[in-house]
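# An overview of the molecular structure
If you want the building blocks of each chain, they are given just below.
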Amino acid sequence: MSYLEIPLPRLAMTLGLVALAILASRWKRLDLERDLAWGALRGAVQLLAIGHVLLLLFEHERPAWVALALSVMVGVAAATSARRVEHGPSARTLFPYALAAIVLGSVVALAPVFLFVVPLHPSYEARYLVPISGMMIASAMNVVALVFERIFAAAHAHADEIEQLLALGATPEQALARHVRASVRAAMIPTINGLLTVGLVALPGMMTGQIVSGTAPEQAVRYQIVILYQLVAVAAVSGVLAGGFARRLLFTPRAQLRLPQRARNEKKR
Amino acid sequence: MPSAIEARDIRVIREGRTIVDGASLVVSFGEKIAIAGASGSGKSTFLRAMATLIPIDGGHVLLDGVDAIMLPPTVFRTRVAYLPQAPPMLPGSVADNVAAGPALRGETLAPERQIELLRAVGLDEAFLARSAAELSGGERQRVALARALANDPKVLLLDEPTAALDPETALQVIDLVRNLAIAGRSVVMVTHIAAHAEALAGKRYVFHAGKLFAGAERP
């Protein structure tokens, strides 16, 4: 493959760009110097580390290692989306639901593609499986976190209305329907916007990467189309599942609204 | 003959605090009951427990002699209407609100019936097309009552239906509630205003420290 290699000294030069941002922050008193420095350091360390992990993975391509890598990815994604829910129940309670929504959404998007569109040989070929799964898992993570947060916040803000609907004989599905719909829609909008503006505003990372590393643009574009369609499926499946799970968490088996503890504590303050 | 609705030894504990401490109440068909009590005495929680809208830590709610646990929540709640202190309006018009209960079961409420319900709560049919969001407090209370009546409930549980209303409107609403009882419905009304409890002209109870006592005075 033909591409320009980046020696470490030249990579270090790009730190100047971070320094520029830090200077701007100091100049305008944005108070972001620490975050910028820490973020730049942490991002670099994580990427360098994953670079080596991928190298190891490609060299010792065994199903168990690939499975381990994917497990760590979904685990971190589920923990992250469960933790970022301000109005929901505890991260511990949310974790299994986040995990299920992320895994199922990702599998639905990944399985048909790796079976029929980009068939892998062997089926655990890390070079394709890991990065493409990563994109799906990351997208599912964001969708799940958004749906959770919006539904729990809506339940909190509209508790009276939801309870009145229950009192009129609504099922929990009916009582929450309006808010589930709004939340899943909102979580899917960035993905749909991505579809509408792709190529016009930004060239997606994967396509850019392939082109830079020498893939024919025509093939790179095809890969990108597959990825975009997969992302749509991930958003829809993970979003709808997260909506269903949030609803289960919000009602008792006797169809009573059960606002998450964390939200209730907030209300008291 | 079984009672219309009965609360048997209801107990509600939240975060280690006993809010309702073994309260019982038997309501006959067509009976009117006013429950007074200071704020924080647990009377609203008790009413919500009777409406099966909150989990209880002990006791039973019986509808027509049948334990509420044996009935699907949706069935119980169409027979027992519950109105909170400031009933929220659902998005849409007054007509949408009045027809909401039947709509949840996939039924449409005939326009004539909508008008009939509005008249029963002292509003005319011109209200049907109005947006529910722009109603006054008293109008909301009436529309909420009409909305609850659209399900043709046997029991009405009303939490402070007059608290947010001016004295004149409040008495009109109580009049209305009294007439509903004459039509054979049982009414349980929670209020902290003694005059309103009296105006209902039914049995009186007082909620105090999580317990229910017969009579108009705090024990």
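Not measured: the values here are computed from a predicted model. (Residues numbered from 1 in each chain as written. Chains lettered and ligands numbered in written order. Predicted model: local features only at pLDDT ≥ 70, side-chain atom pairs only at ≥ 80, totals over all residues.)

## Description of the overall build of chain A
If you tally the helices and strands in chain A, you get 11 helices and zero strands. The order of helices and strands in chain A, counted from the N terminus, is α-α-α-α-α-α-α-α-α-α-α. Its C-alpha atoms give chain A principal-axis dimensions of roughly 70 × 55 × 40 Å. Relative to its full complement of 269 residues, chain A shows a buried share of 30%. Residue pairs at least 24 apart in sequence account for 76% of intrachain contacts in chain A once pairs closer than 6 positions are excluded. (Helix = DSSP H or I, 4+ residues; strand = E, 2+ residues; numbered from the N terminus. Buried ≥ 20, exposed ≤ 12 C-beta atoms within 10 Å, placed from the backbone. Contact = placed C-beta atoms within 7 Å.)

## Quick look at the overall build of chain B
Helix and strand content of chain B: eight helices and 10 strands. With respect to the principal axes defined by its C-alpha atoms, chain B has extents near 45 × 40 × 35 Å. Across the 219 residues that make up chain B, the buried fraction comes to 49%.

## So, the domain arrangement of chain A
All names here are of chain A. Domain boundaries in chain A define domain 1 (1-59) and domain 2 (62-268). Domain 1 and domain 2 are separated by 28 Å when their C-alpha centres are compared. Of the residues belonging to the side of domain 1 that touches domain 2, the class tally is five nonpolar, one polar and no charged. (Domains from an automatic or database assignment. Nonpolar A, V, L, I, M, F, W, Y, C, P; charged D, E, K, R; others polar.)

## Quick word on the sheet that holds strand β5 (residues 66-67) of chain B
All names here are of chain B. As summarised here, the arrangement of the four strands in space is β2-β1-β4-β5, forming an open sheet in which the pairing is antiparallel. Taken across any chain shown, the strands that pair with only one partner, and hence form the sheet edges, are β2 (17-27) and β5. Of the pairings in the sheet, the one linking strand β1 (residues 5-14) to strand β4 (residues 58-63) comprises five bridges and is antiparallel in character. Looking at β4, one finds that E6 is bridged to L62. (Pairing = 2+ DSSP bridges.)

## Description of the pairing of strand β8 (residues 186-190) of chain B
Residue and element names in this part refer to chain B. Of all five residues that make up β8, five are buried, and the element is covered over most of its length. Neither face of β8 is left uncovered, since the one carrying S186, V188 and V190 and the one carrying V187 and M189 both have all their residues buried. Where strand β3 (residues 32-36) meets β8, four bridges bridge the pair, whose relative direction is parallel. Note that in β8 the partner of I33 across the bridge is V188. As defined by bridge partners, strand β7 (residues 155-159) adjoins β8 across five bridges and the pair is classed as parallel. Looking at β8, one finds that V155 is bridged to S186.

## Some details on the confidence of the model for chain B
With 99% of its residues at a pLDDT of at least 70, chain B reaches an overall mean of 92. Reported confidences for the modelled complex are a pTM of 0.87 and an ipTM of 0.94. (pLDDT = per-residue confidence, 0-100.)

## Here's the deal with the interface of chain A and chain B
With 15 residues of chain A in contact, the opposing surface of chain B contributes 20 residues. For the side of chain A that touches chain B, the per-class residue count stands at five nonpolar, six polar and four charged.

## Looking at the packing of helix α9 (residues 205-212) of chain A against helix α10 (residues 217-250) of chain A
All names here are of chain A. For the pair α9 and α10, interaxial distance at closest approach is 9 Å and the crossing angle is 160 degrees. When the interaxial angle is binned, α9 and α10 end up roughly antiparallel. Seen from above, α9 lies across α10 with right-handed handedness. Residue-level inspection shows M206, M207, Q210 and I211 of α9 in contact with α10, the latter providing P217, A220, V221, Y223, Q224 and I227. Residues of the contact of α9 with α10, tallied by class, amount to eight nonpolar, two polar and no charged. (Axes fitted to C-alpha atoms, helices over the stretch in contact; angles between N-to-C directions. Parallel < 35°, antiparallel > 145°, perpendicular 65-115°, else oblique. Left-handed = near helix turned anticlockwise from the far one by under 90°.)

## Quick word on the pairing of β4(B)
Residue and element names in this part refer to chain B. Strand direction decides the pairing type here: β4 and β5, joined by two bridges, are antiparallel. Bridge assignment links L63 to a residue of β5, and that residue is V66. Connecting the antiparallel pair β4 and β5 is a turn made up of two residues, with D64 showing a positive phi of about 55 degrees.

## Here we look at the nonpolar core
One finds A:I102, A:A140, A:V144, A:V147, A:F148 and B:L157 to be the most contacted residues of the largest nonpolar core, which totals 129 residues. Looking at this core element by element, the count peaks at 17 residues for helix α6 (residues 126-157) of chain A. Apart from residues lying up to four places away in sequence, A:V144 is in contact with A:S81, A:A98, A:A101, A:I102, A:S238 and A:A242. (Core = buried A, V, L, I, M, F, W, Y, C linked by C-beta atoms within 7 Å.)

## Topic: the confidence of the model for chain A
Looking at chain A, the pLDDT average stands at 92 and 97% of residues meet or exceed 70. Across residues 263-269 of chain A, where pLDDT falls below 50, the model places four contacts with residues more than four positions away in sequence or in other chains.

## Comments concerning helix α2 (residues 15-27) of chain A
With 13 residues, α2(A) extends 18 Å from end C-alpha to end C-alpha; this agrees with the ideal 18 Å at 1.5 Å per step. In the segment just after α2(A), A:R29 is the residue with positive phi, at about 50 degrees. (Expected span 1.5 Å × (residues − 1).)

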